[in-house]
Amino acid sequence: MKKGPESGTWPLAGVPGKLAESNPDNNRSGGASAKEKVMLSSPGEAENIQLKPSRETPRKKLCGYLNKLGIKGPIKTWKSRWFIYDENKCHLLYYRTAQDVNPLGSIDLSSASFDCKVENGEGVFEIRTPNRVFTLKAISKQAMMYWLQQLQVRRWEFCNAPSRFPVGSSQLVNEPLADRTNVVDSEAFMPPVKTPTEVVGLKAASLPAPQTSTALQNISLKHPWTEIQNTVYNICVSKQLRGNNGNIFNFSEFQEHPESLDEEQEAEVGAGCAVKEEIPEDGRLESRMNWVRKAKWMNSGFLGLAEELSRERSSMDKVSVLQQQILTLTEEVKSQKELVKLLHKALEAAQQEKRVSSMYLTAAEDKDRLELVRHKVRQIADLTSRLEALEKEKKELEQMLALRDSHIQELKEHVQHLMEKNHAKQEVIMALTEQMARELSDPLQEANTITAETLYKQQEEIEHLKDDIDAYKTQNQFLNSEIHQVTRLWTSAAENEKALLMKCACLQARNCQMESKYLTVLRKLQETVPGLPSSDAELVRNLIQEALQWDVKEGAEEGLNLNPVSEYDEYGFMTVPDYEVEDWKLLAKIQALEIKSNNLRSQEVVEKPLRDRWNGVGELSPSAELKGLIRSGIPVEHRQRVWRWIVSRHCSRLPDHYQRLLRQSKSTEHPACRQIELDLPRTLTNNKYFSSPSSQLIPKLRRVLLAFSWHNPAIGYCQGLNRLAAVALLVLEDEESAFWCLVHIVENLMPADYYSDTLITSQVDQRVFKDFLAEKLPRLTAHFEQHQIDVSLITFNWFLVAFVDSLVSDILLRVWDAFLYEGTKVIFRYALAIFKYNEEEILRIHDNVEIYQYLRFFTRMIVDGRKLMNIAFNELNPFPMKLLRNRRTMHREELETELCELEQIKAAYVKERAEQGPQDLQDAVSEEEEEI
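Residues numbered from 1 in each chain as written. Predicted model: local features only at pLDDT ≥ 70, side-chain atom pairs only at ≥ 80, totals over all residues. Heavy atoms only, no water.

A. Here's a closer look at helix α25 (residues 809-822). Between its first and last C-alpha, α25 extends 20 Å over 14 residues, near the 20 Å set by a 1.5 Å rise per residue. Counting buried positions over the 14 residues of α25 gives 12, a clear majority of the element. Immediately beyond the C-terminal end of α25, within one or two residues, lies Gly823, with a positive phi of roughly 110°. (Helix = DSSP H or I, 4+ residues; strand = E, 2+ residues; numbered from the N terminus. Expected span 1.5 Å × (residues − 1). Buried < 20%, exposed > 50% of the residue type's maximum accessible area, 1.4 Å probe, protein only.)

B. Up close: helix α23 (residues 778-786). Inspection of α23 places Leu780, Thr781, His783 and Phe784 among the buried residues, and these make up the whole buried set. Buried positions in α23, seen along its axis, are confined to an arc of 160° and lie on one side of it. Turned more than 90 degrees away from the buried face of α23 sit Glu785 and Gln786, all of them exposed. Those residues of α23 that are buried are in contact with α22 (760-776), α26 (825-837), α27 (839-843) and α28 (848-857). Of the residues trailing α23, Gln788 is marked for its positive phi of about 55°. (Arc of directions from axis to C-beta. Contact = heavy atoms within 4.5 Å.)

C. How the structure looks around the pairing of strand β4 (residues 105-108). The two faces of β4 differ: Gly105 and Ile107 on one face are buried, but Ser106 and Asp108 on the other face are not. Direction of pairing for strand β3 (residues 91-95) relative to β4: antiparallel, over a ladder of four bridges. Directly across from Leu93, in β4, lies its bridge partner Ser106. (Pairing = 2+ DSSP bridges.)

D. Spotlight on the confidence of the model for the protein. Looking at the protein as a whole, the pLDDT averages 76, with 69% of positions reaching at least 70. Predicted confidence for residues 1-56 stays below pLDDT 50, and this span has 100 contacts to residues more than four positions away or in other chains. Every residue in residues 245-306 scores below 50 in pLDDT, and together they form 45 contacts with partners more than four places removed in sequence or on other chains. (pLDDT = per-residue confidence, 0-100.)

E. The packing of aromatic side chains, seen in detail. The full count for this structure, using the stated rule, is 21 aromatic pairs. Taken together, a centroid distance of 6.4 Å and an interplanar angle of 25° make the contact between Trp645 and Tyr821 stacked. Of this pair, Trp645 sits in helix α16 (residues 636-650) while Tyr821 sits in helix α25, and the two are 176 residues apart along the sequence. Each member of the pair Trp645 and Tyr821 is classed as buried. Through pairs of rings, three or more aromatic residues link up here, namely Phe769, Phe772, Phe784, Trp798, Phe799, Phe803, Phe828, Phe835, Tyr854, Phe857, Phe858 and Phe879. Above the plane of the ring of Trp78 lies Lys137, whose end atom (NZ or CZ) is 5.7 Å from the centre. Lying across the ring of Tyr837, Lys867 places its NZ or CZ 4.7 Å from the centre. (Phe/Tyr/Trp six-rings, centres within 6.5 Å; stacked < 30°, edge-to-face > 60°. Lys NZ or Arg CZ within 6 Å of the ring centre and 35° of its normal.)

F. Structural view of a negative patch on the surface. Together, Glu463, Asp467, Asp468 and Asp470 line one region of the surface with negative charge. Considering the arrangement of structural elements, one finds Asp468 in helix α11 (residues 452-527). (Patch = residues over 30% accessible without salt bridge, like charges linked within 9 Å, V, L, I, M, F, W, Y side chains within 5 Å. Areas by Shrake-Rupley, 256 points an atom, 1.4 Å probe, with all protein chains shown as cover. Salt bridge = Lys/Arg side-chain N within 4 Å of Asp/Glu carboxyl O. Lys, Arg positive; Asp, Glu negative; His and termini not counted. Charge placed at Lys NZ, Arg CZ, Asp CG, Glu CD.)

G. Quick peek at the nonpolar core. Counting residues in each nonpolar core, the largest one holds 118 residues, and the members touching the most others are Leu721, Tyr755, Phe784, Phe803 and Phe835. If we ignore the near neighbours within four places in the chain, the residues touching Phe784 are Leu773, Ile789, Val791, Phe835, Ile842, Ile851 and Leu855. Counting residues in hydrophobic clusters, the runner-up holds 29 residues, among them Leu66, Leu109, Phe125 and Ile127. (Core = buried A, V, L, I, M, F, W, Y, C linked by side-chain atoms within 4.5 Å.)

H. Fine view of the pairing of strand β7 (residues 133-137). By the bridge criterion, five bridges tie strand β6 (residues 124-128) to β7 in an arrangement that is antiparallel. Within β7, the residue paired with Val124 across the bridge is Lys137. Taking the residues between adjacent antiparallel strands as the criterion, β6 and β7 are bridged by four residues.

I. The arrangement of the pattern of salt bridges in detail. Tallied over the full model, the rule gives 21 salt bridges. The residue Asp753 makes a salt bridge to Arg892 at a minimum N-O spacing of 3.2 Å. With Asp753 in the loop between α21 (735-749) and α22 and Arg892 in helix α30 (residues 881-923), this residue pair connects regions lying 139 residues apart in the sequence. Given a relative accessible area of 37%, Asp753 falls into the partly exposed group. Put simply, Asp753, Arg892 and Glu896 are held in one network by salt bridges that share partners.

J. Inspection of a nonpolar patch on the surface at higher detail. Taken together, the side chains of Tyr360, Leu361, Leu370, Val373 and Val377 make up a nonpolar region of the molecular surface, amounting to roughly 460 Å² of accessible area. Going through the elements one at a time, α8 (305-362) and α9 (366-440) are the ones with two or more residues in the nonpolar patch. Here the element with the most residues in the nonpolar patch is α9; it accounts for three residues. Within the secondary structure layout, Leu361 lies in helix α8.

K. Fine view of the packing of α25 against α26. Their axes nearest at 8 Å, the elements α25 and α26 cross at an angle of 145°. Across the interface between the two elements, Val815, Ala818, Phe819 and Glu822 of α25 pack against Val826, Ile827 and Tyr830 of α26. Residue composition of the contact of α25 with α26, grouped by class: six nonpolar, no polar and one charged. (Axes fitted to C-alpha atoms, helices over the stretch in contact; angles between N-to-C directions. Nonpolar A, V, L, I, M, F, W, Y, C, P; charged D, E, K, R; others polar.)

L. Layout of the packing of helix α20 (residues 721-732) against α21. One way to put it is that α20 packs onto α21 with a least axis distance of 8 Å and a crossing angle of 135°. As summarised for this structure, α20 and α21 are arranged oblique, according to the angle between their axes. In this structure, the crossing between α20 and α21 has a hand that is right-handed. Contact residues: α20 offers Leu721, Leu724, Ala725, Ala728, Leu729 and Leu732, while α21 offers Glu735, Ser737, Ala738, Cys741, Leu742, Ile745 and Val746. Across the contact of α20 with α21, the residue classes break down as 11 nonpolar, one polar and one charged. (Parallel < 35°, antiparallel > 145°, perpendicular 65-115°, else oblique. Left-handed = near helix turned anticlockwise from the far one by under 90°.)

M. Spatial organisation of a positive patch on the surface. Taken together, the side chains of Lys334, Lys337, Lys341 and Lys345 present a region of like positive charge at the surface. Mapped onto the elements of the fold, Lys345 is located in helix α8. Lys345 gets classed as exposed once you look at its relative accessible area, which sits at 57%.

N. Just the environment of Ser806, in detail. As for its placement among the helices and strands, Ser806 is situated in the loop between α24 (792-801) and α25. Sequence spacing of Ser806 and Phe857 is 51 residues, and the spatial spacing of their C-alpha atoms is 7.9 Å. Beyond its immediate chain neighbours, meaning those up to four positions away, Ser806 contacts Trp798, Thr859 and Arg860.

O. Structural context of the state of the cysteines. One pass over the structure, following the stated rule, counts zero disulfides. Free cysteine Cys159: the closest other cysteine sulfur is in Cys90, separated by 5.9 Å. You can call Cys159 buried: its relative accessible area is 10%. No disulfide involves Cys741; its nearest neighbouring cysteine sulfur is the one of Cys651, lying 8.5 Å away. A residue is classified by how much of its surface remains accessible, and Cys741, at 0% relative accessible area, is buried. (Disulfide = S-S within 2.5 Å.)

P. Structural view of unusual backbone geometry. Note that the residue after Asn877, namely Pro878, is joined by a cis bond; omega there is 0°. As for its position among the elements, Pro878 is in the loop between α29 (865-875) and α30. With a phi angle near 70°, Asp805 is a residue other than glycine that sits in the positive phi range. Following the sequence through the fold, Asp805 ends up in the loop between α24 and α25. For Asp805, a relative accessible area of 31% gives the class partly exposed.

Q. Fine view of the environment of Tyr472. For Tyr472, the position within the fold is in helix α11. Residue Tyr472 is classed as partly exposed on the basis of its relative accessible area of 41%. What Tyr472 contacts, discounting residues up to four positions off in sequence, is Val118 and Glu119.

R. Spotlight on the side chain of Thr683. By secondary structure assignment, the location of Thr683 is in the loop between α18 (673-679) and α19 (698-711). Owing to a relative accessible area of 0%, Thr683 belongs among the buried residues under this scheme. Here Thr683 is in contact with Phe690, Leu701, Asn722, Arg723 and Ala726, once residues within four sequence places are set aside.

If you want it as structure tokens, here you go:
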């Protein structure tokens, strides 16, 4: 492999096969060309240059020597490394020397952040990646700031390169990122740093590597094979160069204008030194003059201080005397008020005695006078007892007064002691004040006490503090620019990630639709299996078996795990019920995929805005807006709070009522206890919290149902209440809240006698529903009448348990949201909506057996909950509650009349059988008698 001795050049580290061509315009000691100096005239344009480097000027190679902090066990050492930036990967490669070919390692800058701390020392900065923190050290502060600024620019350019994002991914992703992200703010955080060409750039490669204390200290022990390769390569190349008497590097182009550059540097250094030499002398003289002026001012101001103090002291004495007089007069006024009160009491007593005496004198009989005397004696006895109590209280008060007097005496002694200490302190203060006045009276003597050495130390300390302030200002500027750029990069990445997530959701929804269509085709083939050849029929069976055994969750985890179809939903319902019939299993799989596809498509368009609206709802109060939100469906995180609020509005919880019912159910067995135990294992068998007798919610459900049976003895327990209580338990979690929710449904929402023994109101609702079905869906009603279909056989259970075990859990809970808030009218709306949703499919079936089979599971095939909700609350309008009440009243009267007629017919039949029974038995002949 030929190297560059023929042309006098050498391949730099990290760029194999490329010659390190020097550019005189890019490697001057000043660090910027004339064109760059003009462009950097304003701060706003400076940041623009940082973020958008000019494409007209050739790119400078970012490379140079830096010290890298290496860790060998507990020992930390600095190692000199040659660093070079890789434009293609946004990596910072590092080598032991500039002549090495293989890098020792790299730093990924695409997701890194930069930091510099004054506490770490001059030139030390950090590169923080998600996996590691690299600590580097530049030769000077200027070199450090140049490296940090350039690394920021390179990271920005790489992160906003359009080639990083796949073409055609999304409209948001495909739009030119330069138009969105390369927006330059007007505020400039840092001015651009000049290029230190002596330590950064291609010219630095010609300089010898910084020497370490020992030869082995700079060798990387972690990469021995790389070190051996680089050493062998350098030896081979040195042998080739030794024969040509050539230099290892050819940097003649760097020396085209050395004289002018050196003169400019010397002029700048000389001017800087002259300024630094003048500053200490002027600063020292100025500080000394300030000290003398300060001493004179204090001396002149202190002489008049005593007179002002004496005048203030006399005025303070007058104020204290006046205050004392005010206190004395206030006490005297209080004593006069007490005297007036005593005189009032004496006057009242004298008037009372006068009235008694007049009554005694005006008494007509001796009995009255005797009674007055007796009354007076009783008063005297009462007053005597009160006097004894007061004397006793007086003695106690005297003892307390004595204790307080002693305590006051102790406090007075303590105050006297404090006053003496205060007086002593005041004397010390006065002595020190006089001493200070004497010292300040001679400013020249005070100035002479401050020696030149002390002033020099103070001046030096001030200079150090100024340097620290400058360093912290620079650090603050850089960190502000770093925070600003990282924030913008994060915002851009978040927008791109959102666009990619939206595209992935759309693709996943499309994939679910394809899988659903595939399963539908398999189902159609399954119906035609008897007519297929044996080989094709076997292939169809294998494909169906494979589709049924495929786990949706595992299949989702193979790709991008955005919204996998899990086995159970948030409330524990199975997403794909385990049916025994293979055809039903296939339909359930198709339905799960369709539901997932609809959810993914509506997540960003419908669900997210709805969730944002719910997040903005604070305190709940009845309103048209809240009604619309509840009809649209309550998100999972808000459903429990809203249900509790709805129940509490209609049911006033009695304190300790539920616990008292539980104690009663433990002490006394309810007649419905056996039926409750039979229904518990049959409750929500497709939910993991109720699927087995050992499930965790079974005991809570038992206690809720027993408590309700004691709470409402008129109903006790009816089949169907177990499902209502189970759904309430799943959402509300607390069994007492579920109990009150069940009370709200049975006693407030449902009409009376809905769960009685006769279920008369439930039968009335079925007749009302048939009327509404005939009005809203006349074609479907005629189709049912033609094939003699009684829809009440299907819908009776819908009304009794509010669609539990009929609809999928997501749609079921949305129905319950509106049902708890509005009442049973919601059940009528959704029942009609279900038939309208599947109207066309039902009309295509012309066999009554097939219609009944379809009606058994057709509610489970509803996958678009939003469409069903729109039919229920929009397409079926108007649906007035007044009409529903009138229909219920009318059909209840008809049903009661029919029941009375049936009772009469039954009574007549029983009476007739009772009369004909004995005669029939006498005439009856056994089979044995006939044979004889």
